[in-house]
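Here's the letter readout for the chains.
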Amino acid sequence: MTDSVSPTQPPSHDESVERVERVERRWATIAVTLIVLLVLLAIFAGVHQATLPQSRVETVDPSTLHLAGEFIDSNLGSTVEPDGSVTVRGIGQQYSFTPQCILVPADTPLTFRMTSADVVHGFLITGTDINLMLVPGYVASLPARFSTPGERAMPCHEFCGMGHEGMWGRIKIVDKATFAQMAAAAKRVSCVK
Ligand code: CUA
């Protein structure tokens, strides 16, 4: 039996070179495209960030916290706003939180407004994504909401000195009706005994 198809010849040297060059050109095109894409992304991200309004930075004088302004002692704790939401104000200091026990209603929009009186502290509510850095001189503000009543620990999670380990607080989430009763009796609510 004769084979009418001529056996394939091994590619000549010139053909091999040509094929290799083609493959290399293809990969070079992919690499250059990727680089151009990344540069465009970086430019877009940079311009986008530069043109956005800067996040609101609020400052506060840490040396007069207890004496005047928003974080004066009588203004700490939870307070009901005209729109029904609740604002929680608190201070972190070596080595405690004021108030030591925060009381909030469940199923209500909350805003935490916290600051530090001395060094950087951490404010974290266990089992939630509520996590703030309390930096002296600045107000840390965060919206939050708890769906169910309960009690959670509130440790300082930023090393702040020798007493850091002992810097803990608690947050108590009560149902709306209970909170409303307590809020009717006092302007600022907390669960500090
Ligand atoms: Cu405050 Cu650690």
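In short, a report on the structure. All values derive from a computational prediction rather than experimental measurement.

1. Quick look at a nonpolar patch on the surface
Thinking step 1. Residues V32, I35, V36, V39, L40, I43 and V47 make up a contiguous nonpolar surface patch of about 620 Å² in total accessible area.
Thinking step 2. For L40, the location among the structural elements is in helix α1 (residues 13–51).

2. Some details on a positive patch on the surface
Thinking step 1. Taken together, the side chains of R19, R22, R25 and R26 present a region of like positive charge at the surface.
Thinking step 2. Looking at the secondary structure, you find R22 in helix α1.
Thinking step 3. By relative accessible area, which is 43% here, R22 ends up partly exposed.

3. Concerning the environment of K176
Thinking step 1. For K176, the position within the fold is in helix α2 (residues 176–185).
Thinking step 2. Sequence separation between K176 and L132 is 44 residues; the distance between their C-alpha atoms is 25 Å.
Thinking step 3. In this structure, K176 is in contact with P105, A106, D107 and T108, ignoring residues within four places of it in sequence.
Thinking step 4. At 3.4 Å, the side chain of K176 forms a polar contact with the backbone oxygen of D107.

About the cut-offs
- Residues numbered from 1 in each chain as written.
- Predicted model: local features only at pLDDT ≥ 70, side-chain atom pairs only at ≥ 80, totals over all residues.
- Heavy atoms only, no water.
- Patch = residues over 30% accessible without salt bridge, like charges linked within 9 Å, V, L, I, M, F, W, Y side chains within 5 Å.
- Areas by Shrake-Rupley, 256 points an atom, 1.4 Å probe, with all protein chains shown as cover.
- Salt bridge = Lys/Arg side-chain N within 4 Å of Asp/Glu carboxyl O.
- Helix = DSSP H or I, 4+ residues; strand = E, 2+ residues; numbered from the N terminus.
- Lys, Arg positive; Asp, Glu negative; His and termini not counted.
- Charge placed at Lys NZ, Arg CZ, Asp CG, Glu CD.
- Buried < 20%, exposed > 50% of the residue type's maximum accessible area, 1.4 Å probe, protein only.
- Contact = heavy atoms within 4.5 Å.
- Polar contact = N/O pair within 3.5 Å; in protein donor to acceptor, adjacent residues only side chain to side chain.

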